[in-house]
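An overview of the molecular structure
Spelled out, the chains give:
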Amino acid sequence: MFDKMTVEEISQRLEQVIQKSDAMKKEGEVATYLPCLSQIDPDGFATSIATTSGKVVESGDCDIKFSIQSISKVIDFMIALEDVGAETVFSKINTECTRYPYNSVRAIDDRVANPFINAGALTVCSLLKGITVDERFQRVADKIKQLSGADEIRTQKEFHFVTDINRSLVYYLRGVGLIDSNVNVEEVLDLYVRICFIELNATEMAHMAGVLANGGRSLDNRKQIIDEEIVKMGVSLMATCGMYESSGKFLMQTGFPAKSGVSGGIMAVVPGKCGICTYSPRLDEEGNSLRGNIILSDLSKEFKLHMFA
């Protein structure tokens, strides 16, 4: 569909969808459990679409940089698959959604439920290759830079903040053997938090999603940034687990995979067609951007993006 439309036509229809969501722009609450998140502008807003053919459409303040938070888990997971292989990753991490909250210890049995809850992401970070935390972080940052087309990668100044729940999770994971006993779990925590506080804007994130929609190839089709089989695994789990407890409902409504972050970003991947990023910090009860959910659902209808329709 996008191939037959001009940027102006896509933009016009995007604006119509956004206008419909205006009535809900004051609904929801900003995350307050991290000091830096409680200080952001609750009315910040941006939406960007990057098609696999290279078209980019923007709305709102697409220069706003926001921390990617749990959206980073998708990239961490794919790099772990590159580093140690699927057999090792899936010996520690399952592929199923969970009804428990993202930071729950109850989603850990013989394996962690999936790589997109905190316990899963911490386990993934323990698998990433590199001698030092700085080296491992730089590898992830470099991959995100390639995927997003960002000129530089920076982190928020308060990235050092670690919740007590995450600290307890990482020690528990080592205690039950899902993180190897010789791993320094404080370094795992440091790495996990640093990556969560990488900042992108909506257009950079849409570009990253567009590359995933393009099977891991750059949008100019010159370079394979991530192996296509690894992209398939990551995007499949985005569809089933990317929106926490409401993943099934979101997939039913939109028909495409997405991953959310508590800063208000949602990265959506429409395979073969486009990547979409919405940014709106007011969250619903599951910790997903409330307005972003509405916009993505309406965009699915407007552009007929539902994969199962």
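Residues numbered from 1 in each chain as written. Predicted model: local features only at pLDDT ≥ 70, side-chain atom pairs only at ≥ 80, totals over all residues. Heavy atoms only, no water.

Some thoughts on the environment of Ile93
- Within the element layout of this structure, Ile93 appears in the loop between helix H4 (86-92) and helix H5 (118-125).
- Here Ile93 falls in the buried class, since its relative accessible area comes to 0%.
- For the pair formed by Ile93 and Asn114, sequence separation is 21 residues and the distance between their alpha carbons is 5.6 Å.
- Setting aside its immediate chain neighbours within four residues, Ile93 contacts Arg111, Val112, Asn114, Pro115, Gly120, Thr123 and Val124. (Helix = DSSP H or I, 4+ residues; strand = E, 2+ residues; numbered from the N terminus. Buried < 20%, exposed > 50% of the residue type's maximum accessible area, 1.4 Å probe, protein only. Contact = heavy atoms within 4.5 Å.)

Overview of a nonpolar patch on the surface
- A cluster of nonpolar side chains, namely Val105, Tyr172 and Val176, defines an oily patch on the protein surface of about 240 Å² accessible area.
- The topology assignment puts Tyr172 in helix H7 (residues 164-175).
- Classification of Tyr172 by relative accessible area gives partly exposed; the value is 38%. (Patch = residues over 30% accessible without salt bridge, like charges linked within 9 Å, V, L, I, M, F, W, Y side chains within 5 Å. Areas by Shrake-Rupley, 256 points an atom, 1.4 Å probe, with all protein chains shown as cover. Salt bridge = Lys/Arg side-chain N within 4 Å of Asp/Glu carboxyl O.)

A word on the packing of aromatic side chains
- Scanning the entire structure with this criterion turns up five aromatic pairs.
- Both rings, one in Phe77 and one in Phe116, keep their centres 6.1 Å apart while their planes meet at 85°; by these two values the pair is edge-to-face. Residue Phe77 is located in helix H3 (residues 72-84), and its partner Phe116 is located in the loop between H4 and H5; the two are separated by 39 residues in the primary sequence. Comparing Phe77 with Phe116 shows no difference in burial state: the two are buried.
- Aromatic pair Tyr102 and Tyr244: ring centres 5.5 Å apart, planes at 45°, arrangement tilted. One end of the pair, Tyr102, is in the loop between H4 and H5; the other, Tyr244, is in the loop between helix H10 (228-241) and helix H11 (247-254), and 142 residues separate them in sequence.
- Through a chain of ring-to-ring contacts, the aromatic side chains of Phe77, Phe90 and Phe116 assemble into a single cluster.
- Taking the ring centre of Phe137 as reference, the NZ or CZ of Arg194 above it sits at 5.9 Å.
- When the ring centre of Phe45 is taken as origin, the NZ or CZ atom of Arg291, which lies over that ring, is 4.1 Å away. (Phe/Tyr/Trp six-rings, centres within 6.5 Å; stacked < 30°, edge-to-face > 60°. Lys NZ or Arg CZ within 6 Å of the ring centre and 35° of its normal.)

A word on the pattern of salt bridges
- If you walk through the whole model with that rule in mind, you get 15 salt bridges.
- Between Asp83 and Arg139 there is a salt bridge, and its shortest N-O distance comes to 2.8 Å. One end of the pair, Asp83, is in helix H3; the other, Arg139, is in helix H6 (residues 133-148), and 56 residues separate them in sequence.
- It is possible to trace a salt-bridge network through shared partners that takes in Lys26, Asp43 and Arg282.

Section: unusual backbone geometry
- Although it is not a glycine, Gln69 adopts a positive phi angle of roughly 50°.
- With respect to the element layout, Gln69 can be found in the loop between strand S3 (66-67) and H3.
- Given the relative accessible area of 5%, Gln69 is considered buried.
- Residues other than glycine seldom take positive phi values, yet Lys304 does so here, at roughly 55°.
- The residue Lys304 is located in the segment after helix H12 (290-303) in this model.
- The exposure class of Lys304 is exposed, given its relative accessible area of 63%.

Focus on empty space enclosed by the protein
- Following the criterion strictly, the structure yields one cavity of 30 Å³ or more and no others.
- Its boundaries defined by the atoms lining it, the largest cavity holds a volume of some 40 Å³.
- In terms of lining, the largest cavity is formed by Cys97, Thr98, Tyr100, Pro101, Tyr102, Asn114, Ile117, Cys241, Tyr244 and Glu245. (1 Å grid on protein atoms, 1.4 Å probe; cavity = no way out; pocket = protein on both sides within 12 Å on 5 of 7 lines; lining within 4 Å. Points joined across faces, edges and corners; volume = space filled by probe spheres on them.)

Notes on the nonpolar core
- Grouped together as the largest cluster of nonpolar side chains are 80 residues, with contacts concentrated most on Met205, Leu212 and Met267.
- Setting aside its immediate chain neighbours within four residues, Leu212 contacts Val74, Met78, Ile226, Val231, Val235, Met267 and Val269.
- Counting residues in each nonpolar core, the second largest holds 23 residues, with Phe2, Ile10, Ile18 and Phe256 among its members. (Core = buried A, V, L, I, M, F, W, Y, C linked by side-chain atoms within 4.5 Å.)

Digging into the UniProt feature "binding site: substrate" (unreviewed entry) in the protein
- When the UniProt feature table is mapped onto this chain, "binding site: substrate" (unreviewed entry) is found at Ser70, Asn118, Asn166, Tyr192, Tyr244 and Val262. Lining residues of the largest cavity drawn from the annotated list: Tyr244.
- When you line up the elements, Asn118 lands in helix H5.
- If sequence neighbours within four positions are ignored, Asn118 has contacts with Lys73, Tyr102, Asn103, Asn166, Leu169 and Tyr192. (UniProt positions renumbered as here; feature names shortened; annotations may be inferred.)

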